[in-house]
Amino acid sequence: MLNREPVPSRPGISRRPARTILLIVALVVIFGLSGAATLWTDYLWYGSMELRSVWEINLVTSVALVVVAAVIAFAMLWLNLIVANRLSPRIQLLTLTEDDELVIRFHEWMEPRVARVQLIASLAFGLLMGASAAAWRDEVLLFLNPSPFGVTDPIFERDISFFVFQLPVWREIQSWLFNVTGLVLLLVLVAHYLNGGIRLRRGSAPDVGSGVKVHISVLLAVLALIRAVGYRLDAWELVTSDRGFTGAALTGAGYTDVTSRLPALNLLALISVAAAVLLVINIWRRGWLLPAVALGGWLVVSLVVGTLIPAAVQRFRVVPAERDLESAYIAHNIEFTRLAYKLDGVTPRQFPATKTLTAEDIAANEETVSNVRLWDPSVIRSTYANVQELRAYYNLPDVDVDRYMLDGRLTQLMVAARHLDEEALPSDSWQAQRLEYTHGYGMVISPANDVATGGQPDFLVKDLPPVAELEELEVAQPGIYFADSYASERPLYVGTRTQEVDYPLPTEESSAPVRTQYGGEAGVPIGDVFRRAAFAIRYRDLNVLISSQLTSETRALMVRNVEEMVHKAAPFLYTDHDPYPVVVDGRILWIIDLYTVSSDYPYSQEAISGFTSTLSRRESAWQLPDSFNYIRNSVKATVDAYDGTLTFYVIDETDPLINAYRQIYPEVFAGGEQISEELRSHFRYPEDLFRVQSRAWLRYHVPDVPTFYIGEDTWQIPADPTTNTEAAEVLRGDRPLGGGRLERIDVMLPYYLLTEIPGDDSASFVIQQPFTPQGRQNLTALLVARSDPEGYGELIDFRFPQGQLVDGPTQVSARIEQDDEISAAFTLWSQQGSSVIRGNMLITPIEESVVYFQPIYLQDAQNPLPEYRRVVVVYGDQVVMRPGLAEALAVVFGGSETPTEPGGEEQPPPVESDVLELLEDAERLFELADEALQRGDLGEYQQLIDEARALIRQAADQSGAPAEEA
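Scoring rules and cut-offs
Position numbers for residues count from 1 along each chain, tracking the sequence in the order it is written. Residues qualify for local features only when their pLDDT is at least 70, as the model is predicted, and side-chain atom pairs are given and counted only at 80 or more; totals for whole chains, interfaces and linings, by contrast, use all residues. Note: side-chain values were computed over all heavy atoms of the structure, leaving out hydrogens and water. Going along the chain from the N terminus, every DSSP run of H or I of four or more residues is numbered as a helix, and every run of E of two or more is numbered as a strand. For every residue, the accessible area obtained with a 1.4 Å probe (protein chains only) is divided by the maximum for its type, and the residue is called buried under 20%, exposed over 50%, and partly exposed between those limits. It only takes one pair of heavy atoms within 4.5 Å for two residues to be counted as in contact. The patches described consist of residues with a relative accessible area above 30% and no salt bridge, like charges being joined within 9 Å and nonpolar side chains (Val, Leu, Ile, Met, Phe, Trp, Tyr) within 5 Å. The Shrake-Rupley method, run with a 1.4 Å probe sphere, supplies the accessible areas, and residue values consider only the shown protein chains as cover. We count a salt bridge whenever a side-chain nitrogen from Lys or Arg sits within 4 Å of a carboxyl oxygen from Asp or Glu. Asp and Glu count as negative and Lys and Arg as positive, but His and the ends of the chain are not part of the count. Where a charge lies is defined by one atom per residue type, namely NZ (Lys), CZ (Arg), CG (Asp) and CD (Glu). Between N-to-C directions, angles span 0 to 180 degrees; the directions come from axes that are lines fitted to C-alpha atoms, helices contributing only their stretch in contact. Here roughly perpendicular refers to angles of 65 to 115 degrees, roughly parallel to angles under 35, roughly antiparallel to angles over 145, and oblique to all remaining angles. Left-handed is the label given to a crossing in which the near helix is rotated counterclockwise from the far helix by less than a right angle, and right-handed is the label when the rotation is clockwise. Note on residue categories: nonpolar means Ala, Val, Leu, Ile, Met, Phe, Trp, Tyr, Cys or Pro, charged means Asp, Glu, Lys or Arg, and polar means any other residue, Gly included. Two strands make a pair as long as DSSP finds a minimum of two bridges between them. Take the buried Ala, Val, Leu, Ile, Met, Phe, Trp, Tyr and Cys residues and link them wherever side-chain atoms come within 4.5 Å; each set so joined is a nonpolar core. What qualifies as a polar contact is a pair of N or O atoms within 3.5 Å, subject to a donor-acceptor requirement within protein and to the restriction that residues adjacent in sequence count only when both atoms come from side chains. Confidence of the predictor in every single residue is expressed as pLDDT, which spans 0 to 100. Each helix should span, by expectation, one fewer than its residue count multiplied by 1.5 Å. Working note: the arc is built from the helix axis to C-beta atom directions.

1. Quick look at the overall build of the protein chain
Of regular secondary structure, the protein chain possesses 27 helices and 37 strands. The proportion of buried residues among the 966 residues of the protein chain is 52%. Here the analysis covers contacts within the protein chain between residues at least 6 apart in sequence; of these, 68% occur between residues at least 24 apart.

Have a look at this one:
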């Protein structure tokens with residue numbers, strides 16, 4: 001018996017809905033104001049950057065997609081609910097049984113408010129399904145503005161642009177429509193049940209009204225047609241499949257895909273269309289036999305033709321003869337992977353690696369030798385930090401390698417910008433942190449191959465205010481308001497009543513810093529109360545609204561991190577992990593390399609971002625997506641460190657992706673012809689792109705299909721022979737760029753150097769990566785990329801003779817450690833409480849030979865200040881360690897040990913400093929021996945005395961004086 005007596009209400013219950021409504025209204029207001037403030041302040045920022053068109057295009061596109069998708073989803077559900085109501089049999093409550101209690105309750109509540117509930121439900125459904133369409137923005141913009149690749153895929157004979165620009169959007173639409181239609185079908189079934197059109201009976205099949213059957217059949221037919229479209233899209237997506245090539249773990253359509261899966265997908269598409277037709281025909285027939293036959297047939301064909309037959313073909317036809325059957329498809333994978341990573345233009349060069357280098361050859365390659373880098377960027381950063389940060393609120397988080405034309409000579413330099421350390425400001429007050437300490441100040445620059453007295457860098461720009469030794473390095477405005485270490489969502493305010501700290505200049509009378517007022521044009525004006533309120537709401541900072549220090553001329557520097565600035569202005573591009581500062585026309589500019597990427601390039605092997613290093617400088621250093629199979633460094637952006645001027649330069653106009661984006665955002669990009677010669681001279685081949693290409697080249701340097709298939713000539717990146725803390729953790733697989741076992745190892749990072757490439761007449765600034773054979777340690781190749789304006793981007797693969805042993809970095813490192821003199825020196829320095837740091841191992845081709853260089857540093861346990869001490873030169877069987885490069889080369893190759901500068905002036909021989917250091921080391925050993933004697937440790941005493949005497953004899957040999965007995 002159904003109990004329909006009303007439930008008595010409790011006193012006071014009527015207040016709860018009111019409080020709930022007030023809470024909801026309050027939350028809506030709060031979130032609405034926050035959203036509006038964020039939207040408006042973003043609009044103001046884009047306007048201040050002269051990029052308002054980007055904001056407008058992105059916003060309009062996103063809103064349009066959401067609105068269109070929401071309207072479609074709303075209309076589909078709302079119209080179907082109306083149809084469901086009209087098809088309702090309107091059964092009287094008296095005819096219902098206890099099995100239909102839910103229907104009874106629904107009718108009692110729903111009858112007076114049917115239209116309103118259906119409208120609200122449809123609106124909610126539309127908004128929910130429409131919101132997901134906002135994520136399609138970039139894909140839809142590319143779909144509407146495609147650019148041809150000029151390359152045709154070998155299976156469907158379509159331009160690659162179809163797979164990159166069009167197919168992703170068709171897939172998004174098909175998946176969305178299938179999901180929406182499926183959900184609508186479920187909701188319609190519920191509506192029909194609640195309306196009485198579908199009645200459930202215990203022990204018997206449900207009763208379905210004739211009108212309800214028509215409705216459900218039509219919706220199922222629509223689902224079948226949408227799935228038919230999905231099968232066609234599945235067929236096109238075979239070109240990026242990774243299911244084939246059982247033994248090779250490659251991407252792209254293989255033999256089984258083309259001969260079995262492709263026909264199966266075409267057949268399943270036809271069966272889906274046939275199922276839709278049967279569902280429509282079933283409207284005029286009794287029962288559900290035809291739909292059941294269609295569904296059963298579809299399941300059988302899908303299982304047999306779509307799964308079992310391809311699996312059987314792969315196992316019994318392909319696996320026994322995979323190399324022969326897959327040869328054509330493996331060739332496609334090699335060709336398209338090379339195209340996707342721009343490796344099709346790599347120039348292989350045979351390099352004989354002879355051991356006939358002479359002193360005359362060294363002299364003839366003076367430009368290469370004089371630019372051998374004696375400073376490791378990761379080591380010199382600690383030195384810079386200790387001697388040039390100067391105040392707790394400054395830091396030098398990164399040191400980059402660049403080259404400048406100094407006195408008419410191309411010179412390799414170590415360059416760093418002095419940032420504001422926002423976490424170490426001397427005051428916690430809002431005024432100090434937002435108005436007073438606003439910027440870093442100046443550059444720190446030193447030659448990469450010079451060492452000052454005491455093993456320190458020989459600074460060309462240093463101190464505060466910055467002092468530049470050369471006119472080319474002078475900066476008119478050293479203030480650094482924009483940098484790559486500044487925190488996001490941490491605005492500063494300039495043009496206030498508070499004077500900014502420019503740089504510290506303590507004197508005998510006072511330690512007060514020099515102060516300034518920002519004179520640039522960067523920032524969003526916030527002079528009126530409405531803008532100040534918007535910023536206060538966005539950043540939840542009441543001080544912005546009430547501070548008396550802000551004036552009508554105040555501007556907010558919203559985005560000060562250069563990577564965030566670039567990403568905000570061009571969210572469709574990806575940044576390199578290492579922006580670097582340069583001095584151009586007396587100003588400090590940040591150069592940021594930007595990439596276009598895609599994961600839809602046919603037959604191209606997928607790259608995995610995890611294989612690159614996790615640098616200690618920033619946890620989020622790697623900015624590229626988790627996976628992709630196409631990449632181009634098409635754009636270089638510059639940001640003025642003082643006034644924040646942002647410019648995007650297109651440097652690769654052959655990239656279809658950047659050409660499409662230029663059509664979408666025509667006001668954003670500047671052409672390469674607008675790049676000044678001075679700025680272009682500082683462009684570097686980007687490190688992240690080179691890592692991706694180097695990773696791909698481990699396997700894809702092999703053009704021969706049989707050799708490629710069996711992995712006979714696969715390479716690996718050698719282990720890192722340095723002992724600094726910047727060793728790169730990477731993922732290495734048995735089959736690089738696809739499949740295989742993965743393990744973490746420390747490998748050599750690619751490195752920049754200024755060297756004369758064999759066959760050239762002058763030095764070039766390049767980045768290079770050494771390779772060794774898989775499972776072996778001998779050097780097999782060097783991949784080199786040019787950075788100079790002439791020939792920028794040229795990739796050269798120096799191949800070493802396969803039948804000749806050329807020592808690799810690991811082997812050379814072992815020889816250095818096994819050298820008696822070097823090992824004794826390392827042991828001695830370690831006993832004195834110092835840590836020995838072995839810097840970058842530089843592999844330098846000279847003429848037709850290879851010379852290894854490795855700088856050695858000492859770091860005292862009590863003072864974290866690394867000092868340069870020696871350089872190791874390895875050539876052939878010779879391993880020599882000396883204080884100076886010229887001296888070490890003279891020992892290895894013979895000739896004069898006295899270096900000369902380009903002007904021809906002879907410099908004091910470094911051998912004297914070597915003798916002094918040996919004597920100082922001997923003196924320290926004598927002191928340690930005395931301490932051992934006082935402890936009564938006669939064994940250690942004698943050992944230290946012997947080592948000290950050996951050092952004295954070595955000093956005597958080098959100075960030419962007779963050694964006296966100690």
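2. Thoughts on a negative patch on the surface
Taken together, Glu920, Glu923, Glu927, Asp930 and Glu931 make up a surface patch of like negative charges. Checked against the element boundaries, Glu920 lands in helix 26 (residues 911-935).

3. Focus: the packing of helix 6 (residues 160-195) against helix 7 (residues 210-236)
Two numbers describe a pair of packed helices, the interaxial angle and the distance between the axes. Running from amino to carboxyl end, helix 6 crosses helix 7 at an angle of 160 degrees, the nearest separation of the two axes being 10 Å. The pairing of helix 6 with helix 7 is recorded here as roughly antiparallel in orientation. For helix 6 against helix 7, the interelement crossing comes out left-handed. Within the contact of helix 6 with helix 7, the residues separate by chemical class into 19 nonpolar, 6 polar and 3 charged.

4. Quick word on the pairing of strand 36 (residues 863-875)
Inspection of the sheet shows strand 35 (residues 849-860) paired to strand 36 by 8 bridges, in the antiparallel sense. Along strand 36, the bridge assignment pairs Tyr852 with Val874. A loop of 2 residues connects strand 35 with strand 36, the two strands running antiparallel in sequence. Bridging between strand 36 and strand 37 (residues 878-882) involves 5 bridges; their strand directions are antiparallel. Along strand 37, the bridge assignment pairs Val871 with Arg882.

5. Looking at the environment of Leu295
On the secondary structure map, Leu295 appears in helix 9 (residues 289-318). We classify Leu295 as partly exposed; its relative accessible area is 49%.

6. A short note on a nonpolar patch on the surface
Taken together, the side chains of Trp40, Val529, Phe530, Leu542, Leu545 and Ile546 make up a nonpolar region of the molecular surface, amounting to roughly 610 Å² of accessible area. You can see Leu542 is positioned in the loop between helix 16 (529-538) and helix 17 (543-546). For Leu542, a relative accessible area of 56% corresponds to the exposed category.

7. Remarks on the nonpolar core
Counting 216 residues, the largest nonpolar core has Leu646, Phe648 and Phe669 as its most contacted members. Sorting elements by how many residues they give to this core places strand 20 (residues 587-598) first, with 8 residues. Setting aside anything within four residues of it in sequence, one finds Phe669 in contact with Phe572, Leu573, Val635, Phe648, Val650, Ile658, Tyr661 and Arg662.

8. Observations concerning the environment of Gln854
Along the chain, Gln854 falls in strand 35. The class of Gln854 is buried, set by a relative accessible area of 0%. C-alpha of Gln854 to C-alpha of Val873: the two residues are 19 residues apart in sequence and 6.8 Å apart in space. Those residues in contact with Gln854, other than ones at most four positions away along the chain, are Pro721, Thr722, Ile816, Arg838, Gly839, Asn840, Met841, Arg870, Val871 and Val872. Engagement of the side chain of Gln854 in a polar contact is seen with the backbone oxygen of Gly839, the distance being 3.0 Å.

9. A look at the confidence of the model for the protein chain
When pLDDT is averaged along the protein chain, the result is 85; 86% of the residues meet or exceed 70. This stretch, residues 725-745, has a pLDDT under 50; its non-local contacts, to residues over four places away or in other chains, come to 63 contacts.

10. Looking at the side chain of Ser446
Locating Ser446 in the fold gives a position in strand 9 (residues 443-447). Its relative accessible area of 0% is what places Ser446 among the buried residues. A polar atom in the side chain of Ser446 sits 2.6 Å from the side chain of Tyr384. The residues touching Ser446, leaving out its near neighbours within four places in the chain, are Ile380, Tyr384, Leu413, Met414, Pro457, Asp458, Phe459 and Leu460.

11. Description of helix 24 (residues 820-831)
In this model helix 24 runs 16 Å from its N-terminal to its C-terminal C-alpha over 12 residues, within 8% of the 16 Å that 1.5 Å per residue would give. Within the sequence span of helix 24, burial applies to Ile822, Ala825, Phe826, Leu828 and Trp829. Axial view of helix 24: buried residues confined to an arc of 165 degrees, hence all on one face. N-cap assignment for helix 24: the residue whose side-chain oxygen lies 3.2 Å from the backbone N of Glu821 is Asp819.

12. Considering unusual backbone geometry
Backbone phi values are negative for most residues with the exception of glycine, while trans is the configuration of most peptide bonds. Here the amide bond leading from Leu464 into Pro465 is cis, since omega sits at -10 degrees, within 30 degrees of zero. Examined against the element boundaries, Pro465 turns out to sit in the loop between strand 10 (461-462) and strand 11 (467-468). Of note, Glu157 is a non-glycine position whose phi angle comes to about 55 degrees, a positive value. Among the secondary structure elements, Glu157 is positioned in the loop between helix 5 (137-144) and helix 6. Accessibility expressed as a relative area gives 64% for Glu157, which makes it exposed.

13. What to know about the sheet that holds strand 13 (residues 492-494)
The sheet built from 3 strands is open, its strands ordered 13-17-16 with antiparallel pairing. Strand pairing shows two members of the sheet lacking a second neighbour, strand 13 and strand 16 (524-525), which therefore form its edges. Examined bridge by bridge, strand 13 and strand 17 (residues 555-557) share 3 bridges and lie antiparallel to one another. Considered in strand 17, the bridge of Leu492 is made with Leu557.

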